[in-house]
Each structure stands twice: as structure tokens, then as C-alpha cells.
Amino acid sequence: MSRPRGARRPLAALAMDPDAAAALLDDSVLATLAEHTAPSPLPLLHDLGTDVARQALAGTELLITGWGCPPLDEDVLASAPRLRAVAHTAGSVRGHITDACWERGIEVSSAAAANALPVAEYTVAMILLSGKRVLETARDYAAARARTDWLHDRPGMGNYRRTVGILSASLIGRRVIELLRPYDLDVRLHDPYVTAGEAAGLGVRLVELPELFADCDVVSVHAPLLPTTRGLVGRELIAAMRQDATLVNTSRGAVLDQDALTAAVLAGRIRAVLDVTEPEVLPREHPLWDCENALITPHIAGSLGNELRRLADLTVSEVARWAGGEGFAHPVRRERLAFLA
């Protein structure tokens, strides 16, 4: 999107960790931002309390934020009297957008929609791999160094008409549902804020939470971590899961009862694919590390590597829209914060 010739570019600044800026904003991204903002180059601020930062913030109308951005509290906003918008290059804005921002009426955008795609892709891959029993089959194959009787050893293997449960129609949950459509799967959803009609539009059947866990071969958790969802997947729900069912969590570890999950996995009742845990890195002696029924990855489902460019591209598009007077295409609304990660 190009700006009208002669149109004034809004004064902007970057507010994020320098390492995040280096990973997200290459020369081509910065050059495109320079077409829509001033000055060039944009100042990179990390500590917003320094004299240099205050001087830059004094004229800033648009703040482009990222991982490591400090909270934009009353003191920071006092140094930024002209600030009217924040475009965030990552997903959640909870770490830096404060009540003071909303009370001033600052517009907020997030790249959460862009970050949802790789998480959904990871989730779908794990759902399909778990159905094919890929991890345990590869392990057994390596141990035997020979083929076994595949026709009889794993009669439950496969993804044909397998039942998949999605916990929460969040941005990521909806993308997972969308990506699962080409497969011969029965997809069910639990989300108390989704109506039966909306679920039908998504192509899924809306069910109650106990039914989701009791009847599905795979349950994938996409609920944001909020006061109301901490420990949501508790001992009773985990105990209700089918023998050999798989629980996938790409949300936050604290949404699950970690102790109850560990007990079920160690007992061989269920499998777990965990991209997040509680705590975020389990203690070295935690039994899940050595459990054959658990796959633990280090929070890699979200944007990494070349996927970071998707975040940058969405943010550049948002900056261009806002600078051109069109407003954000991916706004974050204060009234929706209770439902967002």
C-alpha cells in the first residue's frame, strides 16, 4: 500500500528488545516502514524511562511494539502526549498495554492472527502424527531394527473417522478447525461463547466439556490462560479421557492440571503432546522427560525462523493502513480482553 504523494508520515518509534527487533525487522521491512512513517531510521527504544527515550516519545504518534516492550503505563504515556496508536508485532498485548492506554483511547493492533497459523499447523501435524502412532512406531522400529506385523500390532492406528476435540474457538482453535476440514475426521468443539449455529458454520458439533474429553480420540487445548481458565483441564476431565487418547496443548501449561496429566501419562492411559508446560521448563528430574507417552517441545509452535516475517508483514500492513487513515484491520478491543490470551 503506497501513501499519497506529499502526505505527512506519522512520527513513529520501535519499542521492543533489540534482539526481537533484529529477528523481526530486516532491512526490507524497515525500508517499507520508512515509506509510511518518520523519522528514518526509526528510533529503537527498550528502556522507556531514559532521557533518550523520553525525547523520542515526546513526538511519537505511533508505537511499533514487540517482545520485551515495557508496560505502557501512566508514566510512559506522560512522556508520549501525542501517542495515538500501538501496532504490536506479536500476539498477546497483555504484557504492555495497560488500562492507561485504553483510558486515553489509544488504538491497538496485534499480529495474533499471523501467529495463529504456525501454531495451528503444528497442532494439526501432531493430531495426524498421533493418529498414525508415528512416534511410538518409530521408536519400536529403531529398537527392533526389523519390521513387525503392522497389520495386527496396531489395530487402532490411523486417522479415518477419528474424533478430534477442540477446546476453545480462539483464533488458533478456529484455524485448526479450518485446516482439519480436508481430513476424514469428526471434529467437535467446546466453547461456552459459541452458539450451536456458529459451530455449524465452522463445520463442527458443539459439545459440553465432559463429553469433549470422554468421547474424543484427540483433545487439543486452545483456551487462553485467564483467571477463569487456570486449571480448567483438571483431574476429572483427564481421568475421563479414552484409553490411548492424546492430549495436545499449545496454549499455556497452567490451563492443565500438570500433576493429574503426569499421573495419567505415566500410567500409560493417555498420550500427551506438550509444547507448553507448568512451569515453562519442567525441572530436570520431572518424570515426563523420560516418559515414552509424552512428547515435550520447547514452545516452538508459535512463529519462529522464517515465520517471523509473517508477523512483520502483517504489522507493516497495519502501519500502512493506519498511516493512510484507514484504521487497523486487526484491532484489539478492550471489551474483548477477558477472552484473549
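Residues numbered from 1 in each chain as written. Predicted model: local features only at pLDDT ≥ 70, side-chain atom pairs only at ≥ 80, totals over all residues. Heavy atoms only, no water.

A cluster of acidic residues, Asp73, Glu74, Asp75 and Glu103, forms a negative patch at the surface. In this fold, Glu74 is placed in helix 4 (residues 74–78). (Patch = residues over 30% accessible without salt bridge, like charges linked within 9 Å, V, L, I, M, F, W, Y side chains within 5 Å. Areas by Shrake-Rupley, 256 points an atom, 1.4 Å probe, with all protein chains shown as cover. Salt bridge = Lys/Arg side-chain N within 4 Å of Asp/Glu carboxyl O. Lys, Arg positive; Asp, Glu negative; His and termini not counted. Charge placed at Lys NZ, Arg CZ, Asp CG, Glu CD. Helix = DSSP H or I, 4+ residues; strand = E, 2+ residues; numbered from the N terminus.)

We now examine the nonpolar core. Core analysis: the largest hydrophobic core is formed by 29 residues, its most contacted members being Leu212, Phe213, Val233, Leu247, Leu261 and Val265. Ranked by the residues each element gives to this core, the list is headed by helix 13 (residues 258–266), at 4 residues. Beyond its immediate stretch of four places on either side in the chain, Phe213 contacts Leu167, Val219, Val233, Leu237, Ala240, Met241, Arg242 and Leu247. (Core = buried A, V, L, I, M, F, W, Y, C linked by side-chain atoms within 4.5 Å. Buried < 20%, exposed > 50% of the residue type's maximum accessible area, 1.4 Å probe, protein only. Contact = heavy atoms within 4.5 Å.)

We now examine the sheet that holds strand 6 (residues 162–167). Taken in spatial order, the 7 strands make up an open sheet running 8-7-6-9-10-11-12, and their pairing is parallel. Among the strands making up the open sheet, the edge pair consists of strand 8 (205–206) and strand 12 (294–296). Pairing of strand 10 (residues 246–249) with strand 11 (residues 271–274) involves 4 bridges; the strand directions are parallel. The residue of strand 11 that forms the bridge with Val248 is Val273. Where helix 6 (residues 112–131) meets the sheet, it contacts strand 6, strand 7 (185–190), strand 9 (218–221), strand 10, strand 11 and strand 12, and its direction lies at approximately 160° from that of strand 9. (Pairing = 2+ DSSP bridges. Axes fitted to C-alpha atoms, helices over the stretch in contact; angles between N-to-C directions.)

Let's shift gears to the sheet that holds strand 4 (residues 85–88). Spatial ordering of the open sheet is given by 2-1-3-4-5, a layout of 5 strands whose pairing is parallel. Strand pairing shows two members of the sheet lacking a second neighbour, strand 2 (44–45) and strand 5 (107–110), which therefore form its edges. Relative to strand 3 (residues 62–65), strand 1 (residues 12–15) is paired through 4 bridges, and the arrangement is parallel. Note that in strand 3 the partner of Ala15 across the bridge is Thr65.

Along the polypeptide, Ile106 turns up in the loop between helix 5 (99–104) and strand 5. In this structure, the C-alpha to C-alpha distance between Ile106 and Leu62, residues 44 residues apart in sequence, is 9.5 Å.

What follows concerns the domain arrangement of the chain. Per the domain assignment, the segments of the chain are domain 1 (12–105 + 305–338) and domain 2 (116–296). Placing a centre on the C-alpha atoms of domain 1 and another on those of domain 2 gives a separation of 35 Å. Among the residues domain 1 hides against domain 2, the three largest losses belong to Glu307, Arg310 and Ala338. Together they make up 80% of the total. The tally of links from domain 1 across to domain 2 stands at 0 salt bridges. Between domain 1 and domain 2 we count 0 residue pairs in polar contact (both at pLDDT 80 or more) in total. Classifying every residue of the side of domain 1 that touches domain 2 gives 2 nonpolar, no polar and 3 charged. (Domains from an automatic or database assignment. Buried area = accessible area lost by both parts, 1.4 Å probe. Polar contact = N/O pair within 3.5 Å; in protein donor to acceptor, adjacent residues only side chain to side chain. Nonpolar A, V, L, I, M, F, W, Y, C, P; charged D, E, K, R; others polar.)

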